[in-house]
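Take a look at the letters that make up each chain.
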Amino acid sequence: MNPRSRLQDASAFPLTLLLVLILGLSASTAGAAEVPTGPVPDWVTPIDIPVVESDGHEGSGSTDVLLFDEQLNLTGDTPRQFFHLANHIRNAEGLQDNSSLSVTYDPDYESIVIHRIRIHRDGRVIDRLPTADFQIYQRESNLERQLYNGNLTAHTVLDDLRVGDTVEYSYSVIGNNPVFDGRYSAFLPLQWSVSLARHSLRILVPETQPLTLQARPGRADFEQTRQDGIIEYRRQRDNVPGQNVDSEAPGWYVDKPTVTLSEFSGWPTIHQWASRLFRIPDHPAPSVRALADDIRARTQTPEQRLTAALSFVQQDIRYVGIELGAGSHQPSEPSQTLKRRFGDCKDKTLLLNTLLQQLDIPANAVLVNTSLRQTIVDEPASPLLFDHVITRAQLNGRSYWLDATDTHQRGALEFRTPAVFGAGLILGDGPDTPQVIRPVIPDSAFPSQTVTQRVLLPEDASQAGELIIMTEFRGSEASYIRGRIARSGEQFHSDYLDYYESLYPGVKTYSPATYHDYPEENRMVIEEHYEVPSLWEKDEDASRRVAWLDGDQLSNFLSAPATRHRTAPYALFDPIRLRQDIKVDLGSQWMLPEEHQRVDSDYFDYQRDVTYTGGVLTVSHRFRSQADHVPATDTEAFMADLQQVNDLRYYGLQETLDGPGPDAPISPYGIGVIVVSLVLLLLVISVVDYLRDRRHEKTLDGGAYYPVSVPKLILLNIMSLGLYSLFWGYRNWAYIRDRDQRPLWAPVRAFFLGFTLYGLYADARRQTLPEASLRWPTAALAVPAVAYFVLGTLTSSSVIWVCYGALILASLCLLPLQRFYNQLNGDNDRFRFNSRWRVRHGILALFFAVIFAFELGTTLYLVPPSHVMAGDKVPTKVRLFLDREHLLTPRETLIQFYASGFLDYTAEGNGLTSQGVFAYWHDTASRLQTEKVGFDEIADLKVTPGSLNSPTLVQITRTDGSYFTLLLSTEDKGDQRFSDALKSRWQARDQTSL
């Protein structure tokens with residue numbers, strides 16, 4: 001059944017000029033023909049083409065749709081439709097889109113007249129109608145669906161078309177499908193995906209003719225006038241914006257307003273008309289009666305007879321639709337369908353209903369819409385509203401909803417999924433308005449998939465594993481997969497292999513998939529056997545290996561929308577049930593806890609269960625749909641539920657590798673010994689290098705103060721994190737002590753350089769000589785000294801950018817004084833000696849690089865910082881570790897976290913979540929130990945404050961008397977924040993329970 005509206009086809013005209021109706025479709029040329037031409041009819045009201053200035057933007061499209069004028073005259077014996085369109089070509093793409101014109105019509109009851117084809121160019125109007133060379137094509141746009149409608153397309157190619165031209169054309173379509181008994185119906189769109197400069201709609205109807213004229217969604221206001229027994233409806237709008245619907249919206253969602261026009265007075269009239277079309281013959285042909293008698297003879301019960309009749313029509317009558325003229329809605333005689341052994345949904349349904357009547361089983365045809373579904377109950381009355389027909393059969397007080405076109409459905413009635421389309425118009429003795437239809441689907445017929453995957457993990461991680469899959473399909477899922485196998489054959493197996501290749505690169509098949517059909521239960525089973533390389537993956541430190549078990553089948557029925565910020569609902573797959581069991585034979589040496597997690601959403605119900613029994617690990621995913629769409633306003637809530645499911649989709653099976661093999665990493669203790677030994681060695685080398693140079697420096701000619709190059713002073717001070725400035729201060733105060741024979745203590749003055757730097761500046765000012773001078777005002781000498789002191793306090797900041805910025809600026813505060821010292825000494829041997837770079841300086845640069853990299857890593861949280869951190873700062877990799885160890889569930893929010901391990905988040909740590917607190921550490925055998933407790937399980941908290949050198953201890957005592965301890969850093973008072981937040985949440989939960 002394929003009802004269609006002339007004006008629905010016309011709604012595609014403005015942008016593509018109907019070229020898409022013939023390109024890429026199955027078509028045969030009927031040949032050149034004289035397409036009737038003539039002047040615009042007298043009853044048409046002229047509508048001017050608006051003048052629109054181009055905005056000059058390339059992104060505004062290839063064509064400006066200036067005018068779409070649609071006028072409909074229902075006052076005569078035959079409906080007449082008039083279309084007037086004008087499009088302005090913006091660029092080369094527009095030339096391609098507008099290079100031809102096409103008009104489609106049904107020659108069985110329609111004719112066309114072309115009125116104008118004009119090109120507007122530079123103020124001139126060029127008439128192209130006289131030279132238009134029309135070809136007639138027979139287009140079959142639904143040929144791949146075995147539907148033939150006999151439509152013809154008149155097509156012409158426009159010569160000499162240029163960018164900047166405006167193409168104007170108009171034509172009429174005359175006629176009406178006789179199946180409607182002289183009554184006209186149409187859908188008139190008021191908005192498109194492209195914008196229109198002007199849209200005009202005009203309708204002429206006799207005053208005496210009943211008329212449905214209603215817009216959905218929203219409303220449409222028409223100007224209405226009456227004259228000489230004729231009602232004229234007019235509606236004109238300028239600057240009609242284009243509108244695109246979000247992707248993945250349900251088929252029933254309508255965002256663009258459309259006017260329903262019908263000369264049927266209402267649903268009762270349509271019900272009466274359609275019931276006549278699908279009336280079961282009182283005296284079926286002998287061939288039909290003979291078939292019914294044969295079915296009766298071969299079966300024993302009414303249920304068996306109904307099933308036999310349905311199976312015959314589904315399987316022995318192939319699906320082909322000859323929808324010529326009235327055949328678009330009028331079913332063929334049952335005897336003709338039986339003789340031809342083909343028919344569309346109308347033909348097959350009427351044949352099925354006739355057979356059922358002969359078998360004493362009441363049956364009605366039910367008109368439905370496969371896209372609009374349940375929303376047809378709210379639509380204005382129109383015979384064009386339906387695109388499919390099914391059967392309601394009544395047996396033993398039950399209604400069975402049957403689809404005669406479901407070719408691959410099998411089994412007894414209790415195993416067949418009802419034809420579910422939400423609503424329908426039940427013909428014959430049914431209600432005369434569309435009814436909501438929600439048949440209860442029995443468990444035996446519920447669409448479902450049960451996937452059992454057995455994973456064979458090799459002991460040797462370098463060996464390939466095995467994946468054995470058995471998938472059972474029931475209900476409509478079995479019908480679907482049965483049809484897919486029948487259509488694609490070997491390609492079906494190839495598709496499965498490609499799918500698993502995307503999950504496990506390098507996968508191979510042990511043997512082709514095998515299919516087992518159990519038609520008596522409408523059940524299909526597919527068995528697959530694959531070789532999967534590298535199921536085991538080693539952790540980064542190679543101390544453990546992990547095998548990820550993926551609940552991949554969930555993605556077939558539950559996924560995120562491509563457009564998250566939506567105005568349209570998001571369509572969901574419904575109804576469906578899925579169970580995926582992943583089984584791994586591990587033996588008895590493992591200790592794996594049971595897990596039971598559930599996500600109960602308004603739109604689906606999901607549960608993951610992990611069990612370990614008899615040496616077999618089973619990860620079970622169960623999913624059941626609960627709605628067919630998500631409202632746009634609830635997208636974020638749906639996404640949050642979906643994220644929880646995605647977090648539970650993967651299960652990591654983790655094993656610690658035995659012993660330090662040849663490629664095993666060195667233990668943390670061994671690494672510590674090596675690092676400490678290396679540091680001590682480098683320190684010894686640096687001290688020896690300094691003592692040797694100091695001995696040699698004393699043999700050089702004396703000089704004033706401590707001469708050294710400015711770049712070396714600045715760089716060494718930065719690389720030593722400010723310590724070099726203390727050495728520099730000591731050398732200069734020692735010179736002053738020896739020069740003046742003063743009893744000052746140079747090391748102390750150097751240690752407090754922040755306070756004594758002014759003294760060095762004052763001494764240098766007093767020593768001004770012709771070759772070197774520091775003639776600064778006394779007050780000015782305090783500026784670099786005070787700045788050095790202030791910046792020195794900032795170098796202790798925990799913010800790395802503040803610390804190193806202050807260090808650089810503090811080093812610059814020494815610059816004026818060092819330049820004076822160097823001028824005073826000149827380029828002597830001592831200056832050159834002190835300015836050279838030594839081995840110890842390279843070692844210092846190495847230490848600085850390590851320290852800076854570590855501090856940068858902690859700032860960016862690449863390695864654990866030395867303070868308690870906010871939960872939202874925890875890296876994703878660490879969150880995955882916490883999830884894998886079941887310390888942080890998808891429903892929890894991590895609030896505070898502290899990892900006390902050196903360079904390793906996973907070594908030891910504690911966390912506070914929205915539901916409780918956890919701790920983890922490694923025992924003396926390097927085994928990971930974990931503790932976790934919810935707030936309602938905590939009996940007592942005891943906090944022992946720490947100090948600069950010792951952590952704060954928080955003892956967590958459970959209600960059963962057991963306890964564990966958290967260790968928290970006192971840096972930046974993070975321990976207080978952690979313990980205060982823990983106390984407040986525990987007390988709040990305690991008060992709530994009271």
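Residues numbered from 1 in each chain as written. Predicted model: local features only at pLDDT ≥ 70, side-chain atom pairs only at ≥ 80, totals over all residues. Heavy atoms only, no water.

- Per an unreviewed UniProt entry, the protein chain carries the name DUF3857 domain-containing protein and comes from Marinobacter halodurans.

### Observations regarding the overall build of the protein chain
- Of regular secondary structure, the protein chain possesses 23 helices and 45 strands.
- Compactness check: the protein chain gives a C-alpha radius of gyration of 43 Å against a globular reference of 30 Å for 994 residues, more than 25% above the reference.
- Structurally, the protein chain occupies a C-alpha span of about 135 × 85 × 60 Å along its principal axes.
- Classification of the 994 residues of the protein chain by burial places 49% in the buried group.
- Sequence separation of 24 or more characterises 71% of the internal contacts of the protein chain that already satisfy a separation of 6 or more.
- Where the 93 positive side-chain charges of the protein chain centre and where its 121 negative ones centre are 7 Å apart. (Helix = DSSP H or I, 4+ residues; strand = E, 2+ residues; numbered from the N terminus. Rg over C-alpha atoms; globule rule 2.2 N^0.38 Å. Buried < 20%, exposed > 50% of the residue type's maximum accessible area, 1.4 Å probe, protein only. Contact = heavy atoms within 4.5 Å. Lys, Arg positive; Asp, Glu negative; His and termini not counted. Charge placed at Lys NZ, Arg CZ, Asp CG, Glu CD.)

### Structural notes on the sheet that holds strand E45 (residues 963–968)
- Reading across the sheet, the 3 strands line up as E43-E44-E45 and stay open at both edges, with antiparallel pairing between neighbours. Across the chains shown, the open sheet's two edge strands, defined by having one partner strand only, are strand E43 (938–944) and E45. Geometrically, the sheet is characterised by an average inter-axis angle of 20 degrees between neighbouring strands, direction not taken into account.
- Relative to strand E44 (residues 952–958), E43 runs antiparallel, the two being bridged by 6 bridges. (Pairing = 2+ DSSP bridges. Axes fitted to C-alpha atoms, helices over the stretch in contact; angles between N-to-C directions.)

### Notes on the packing of helix H16 (residues 753–766) against helix H17 (residues 778–794)
- Packing of H16 against H17 brings their axes to within 8 Å, and their N-to-C directions diverge by 150 degrees. The angle between H16 and H17 places the two elements in the roughly antiparallel class. By crossing handedness, the relation of H16 to H17 is classed as right-handed. Residue-level inspection shows Leu 753, Gly 754, Phe 755, Leu 757, Tyr 758, Tyr 761, Ala 762 and Arg 765 of H16 in contact with H17, the latter providing Thr 778, Leu 781, Ala 782, Pro 784, Ala 785, Tyr 788 and Phe 789.
- Considering only residue class, the contact of H16 with H17 consists of 12 nonpolar, 2 polar and 1 charged. (Parallel < 35°, antiparallel > 145°, perpendicular 65-115°, else oblique. Left-handed = near helix turned anticlockwise from the far one by under 90°. Nonpolar A, V, L, I, M, F, W, Y, C, P; charged D, E, K, R; others polar.)

### Some details on the nonpolar core
- Judged by nonpolar contacts, the single largest core of 53 residues is most densely connected at Leu 457, Leu 586, Phe 604, Leu 617, Phe 638 and Leu 653.
- In terms of residue count, helix H11 (residues 635–649) provides more of this core than any other element does, 5 residues in total.
- When neighbours within four sequence positions are excluded, Leu 586 is seen to be in contact with Leu 457, Leu 592, Tyr 612, Gly 615, Leu 617 and Leu 653.
- Ile 714, Trp 733, Leu 781 and Leu 824 belong to the second-largest nonpolar core, a separate cluster that totals 40 residues. (Core = buried A, V, L, I, M, F, W, Y, C linked by side-chain atoms within 4.5 Å.)

### Description of the side chain of Thr 756
- Summarising the element assignment, Thr 756 is placed in helix H16.
- If sequence neighbours within four positions are ignored, Thr 756 has contacts with Trp 733 and Arg 749.

### Points about the pattern of salt bridges
- Evaluated as defined, the whole model comprises 42 salt bridges.
- Residues Arg 219 and Asp 221 are paired through a salt bridge, measuring 2.8 Å at the closest nitrogen-oxygen approach.
- Take Arg 219: its relative accessible area is 69%, and that puts it in the exposed class.
- Taking the shortest distance from any N to any O, the salt bridge between Asp 605 and Arg 598 comes out at 2.9 Å.
- Residues joined in a network through salt bridges with shared partners are Arg 121, Arg 128, Asp 160, Arg 162 and Asp 165. (Salt bridge = Lys/Arg side-chain N within 4 Å of Asp/Glu carboxyl O.)

### Some points on the UniProt feature "domain: Transglutaminase-like" (unreviewed entry) in the protein chain
- In the numbering adopted here, UniProt assigns the feature "domain: Transglutaminase-like" (unreviewed entry) to residues 289–375.
- Helix and strand shares over residues 289–375 are 53% and 14% respectively, and the end C-alpha atoms of the span are 38 Å apart. (UniProt positions renumbered as here; feature names shortened; annotations may be inferred.)

### A closer look at the packing of aromatic side chains
- One pass over the full model with this rule turns up 30 aromatic pairs.
- Between the aromatic rings of Tyr 724 and Phe 727, the centroid separation amounts to 5.7 Å while the plane-to-plane angle is 40 degrees, which identifies the pairing as tilted. Taken together, the residues Tyr 724 and Phe 727, both in helix H14 (residues 723–740) and 3 residues apart, mark about one turn of the helix.
- For Phe 727, a relative accessible area of 24% translates into the label partly exposed.
- Seen in terms of ring centroids, Phe 755 and Phe 789 are 5.1 Å apart; in terms of plane orientation they differ by 55 degrees. Their pairing is tilted. Here Phe 755, found in helix H16, pairs with Phe 789, found in helix H17; they are 34 residues apart in sequence, far enough to count as distant.
- Above the plane of the ring of Tyr 518 lies Arg 523, whose end atom (NZ or CZ) is 4.1 Å from the centre.
- For the cation-ring pair, Arg 838 lies above Phe 833, with the distance from its terminal atom to the ring centre recorded as 4.4 Å. (Phe/Tyr/Trp six-rings, centres within 6.5 Å; stacked < 30°, edge-to-face > 60°. Lys NZ or Arg CZ within 6 Å of the ring centre and 35° of its normal.)

### Focus: helix H4 (residues 267–277)
- Within H4, 8 of the 11 residues are buried, leaving the element largely enclosed by the surrounding structure.
- What H4 keeps buried is the set Trp 267, Thr 269, Ile 270, His 271, Trp 273, Ala 274, Ser 275 and Leu 277.
- Elements that come into contact with the buried residues of H4 comprise strand E20 (363–368) and strand E23 (423–426).

### Here's the deal with the sheet that holds strand E32 (residues 577–585)
- Pairing within the open sheet is mixed, and its 8 strands lie in the order E27-E28-E26-E25-E32-E35-E34-E33. What marks the edges here is a single partner per strand, and that holds for strand E27 (508–518) and strand E33 (595–600). Neighbouring strand axes in the sheet, compared pairwise and without regard to direction, differ in orientation by 10 degrees on average.
- Note: E32 against strand E35 (residues 616–625), 9 bridges, orientation antiparallel.

### Things to note about the pairing of strand E16 (residues 258–262)
- Of all the 5 residues making up E16, 4 are buried; the element is thus mostly covered by neighbouring parts of the structure.
- As judged from the 5 bridges shared by strand E13 (residues 212–216) and E16, these two strands associate in the antiparallel manner. In the strand pairing of E16, Arg 216 is matched with Thr 258.

### Concerning helix H6 (residues 302–316)
- Over its 15 residues, H6 extends 21 Å from the first C-alpha to the last, a length consistent with the 21 Å expected when each residue adds 1.5 Å.
- Those residues of H6 that fall on the buried side of the exposure criterion are Arg 305, Leu 306, Thr 307, Ala 308, Ala 309, Leu 310, Ser 311, Phe 312, Val 313 and Gln 314.
- Looking at the buried residues of H6, the elements they touch are helix H5 (286–298), helix H7 (334–340), helix H8 (345–358), strand E21 (388–395) and strand E22 (398–402). (Expected span 1.5 Å × (residues − 1).)

### Things to note about unusual backbone geometry
- Of the consecutive residues Arg 216 and Pro 217, the connecting peptide bond is found in the cis state with omega at -10 degrees.
- Within the secondary structure, Pro 217 sits in the loop between E13 and strand E14 (223–227).
- Cis geometry is found at the peptide bond from Asp 574 to Pro 575, where omega equals 0 degrees.
- Phi at Asp 160 is positive, roughly 50 degrees, even though this residue is not glycine.
- Inspection of the secondary structure assignment puts Asp 160 in the loop between strand E9 (152–157) and strand E10 (166–175).
- Positioned with a positive phi, Leu 721 is a non-glycine residue whose angle comes to about 60 degrees.
- Assignment of secondary structure puts Leu 721 in the loop between helix H13 (710–719) and H14.
- The exposure class of Leu 721 is partly exposed, given its relative accessible area of 37%.

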